[in-house]
Structures are given as C-alpha cells and as structure tokens.
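Structural features, examined
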Amino acid sequence: CQKVHTIHQSHDLIHCDLTPWNVLVNFPDPANSHLIQVELIDFGMAKKLPAGYSEVVIHSINGTEGFIAPEITNHQIYSKASDVFALGQIFTDSM
C-alpha cells in the first residue's frame, strides 16, 4: 500500500493496471519474515495527473479484467481511487 501511496502523492501517477502480477513481493531475510520488500512494475498504462486534477478521462478502457474499478467501465474516468479498488481486489483474491 505504501508504494501505491508514494506514486499517488509524490509523482501524481495512477498505475491503471494494478494486479497480483504487477506487485512483486520479496522476503530478503527468511529469518525476519516480517520484513518484506514490495515493488510495483509495469507502468505501461500509467497516467500522470495534470496539475490540479484528481482524475483523468481516457477514451478507451485500460486494465485487467477483474481489477478495473466500476467508474472506469461506466465513465472511463481514472483516479487514485481506481488503484485503491484494484488493491482491494488483489487482497480479496489472495485470501
């Protein structure tokens, strides 16, 4: 979650395709399994938010089925909330 927060707040980016396949998890020290490293990959569909905007309209639906937020399929509007929805789907699918 911290990595998504960082791309949202520090870089004004929306990933637009968060899936389990685009989140890499590494346990660098098996003796300390509570320490993990998380990396986000595949920014090919990412969108930079214009200054002062909290969402962006796209003329085609991008993303992976099952991880696309309803507002994208209904209105083709991407926002930071779209990535949060995808994170929820990732967590739900991993349970």
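Below: a short report on this structure. Keep in mind that what you see is a predicted model, and the values were worked out from it rather than measured. (Residues numbered from 1 in each chain as written. Predicted model: local features only at pLDDT ≥ 70, side-chain atom pairs only at ≥ 80, totals over all residues. Heavy atoms only, no water.)

1. Here's the deal with empty space enclosed by the protein
Where we set the bar: Put plainly, a pocket is an open set of points on a 1 Å grid over the protein atoms alone with protein on both sides within 12 Å along at least five of seven lines, a cavity is a set where a 1.4 Å probe fits but cannot get out, and a lining residue has an atom within 4 Å of a point. Grid points are joined across faces, edges and corners, and a volume is the space filled by probe spheres set on the points. Helix and strand assignments come from DSSP, with helices taken as H or I runs of at least 4 residues and strands as E runs of at least 2, each series counted from the N terminus. In this count, Pro and Cys sit with the nonpolar residues alongside Ala, Val, Leu, Ile, Met, Phe, Trp and Tyr, while Asp, Glu, Lys and Arg are called charged and the others, Gly among them, polar.
By the definition in use, this model includes one cavity of 30 Å³ or more. When its volume is computed, the largest cavity comes out at roughly 80 Å³. In this structure, the largest cavity is lined by 14 residues; those nearest its centre are Cys 16, Asp 17, Phe 67, Ile 68 and Ile 72. It is helix H3 (residues 80–93) that provides the largest number of residues to the lining of the largest cavity, a total of three residues. Looking at the lining of the largest cavity, its residues break down into eight nonpolar, four polar and two charged.

2. Focus on the pattern of salt bridges
Opposite charge on two side chains permits pairing when their charged atoms draw close. Heads up, the rule is: Any carboxyl oxygen of Asp or Glu within 4 Å of a side-chain nitrogen of Lys or Arg constitutes a salt bridge here. Burial classes follow relative accessibility: with a 1.4 Å probe on protein chains only, a residue under 20% of its type's maximum area counts as buried, one over 50% as exposed, and anything between as partly exposed.
Within the structure shown, the criterion is met by two salt bridges. With a shortest N-O distance of 3.5 Å, Glu 39 and Lys 3 are connected by a salt bridge. In this pair, Glu 39 sits in strand E3 (residues 37–40) while Lys 3 sits in helix H1 (residues 2–11), placing the two residues 36 residues apart along the sequence. For Lys 80, the salt bridge is made with Asp 12, and the minimal N-O distance between the two is 3.8 Å. Remark: Asp 12 occurs in the loop between H1 and strand E1 (13–14) and Lys 80 occurs in helix H3; sequence separation between them is 68 residues. Lys 80 gets classed as partly exposed once you look at its relative accessible area, which sits at 22%.

3. Quick look at H1
Heads up, the rule is: By construction, the arc corresponds to the directions joining the helix axis to the C-beta atoms. In this description, contact between two residues means that some pair of their heavy atoms is separated by no more than 4.5 Å.
Taken as a whole, H1 has its buried residues at Val 4, Ile 7 and His 8. Viewed along the axis of H1, the buried residues span an arc of 95°, placing them on a single side of the element. Relative to its buried face, H1 has exposed residues pointing more than 90 degrees away, namely Gln 2 and Ser 10. Where the residues of H1 are buried, they touch E1, E3 and H3. Looking one or two places after H1, you find Asp 12, whose phi comes out positive at around 50°.

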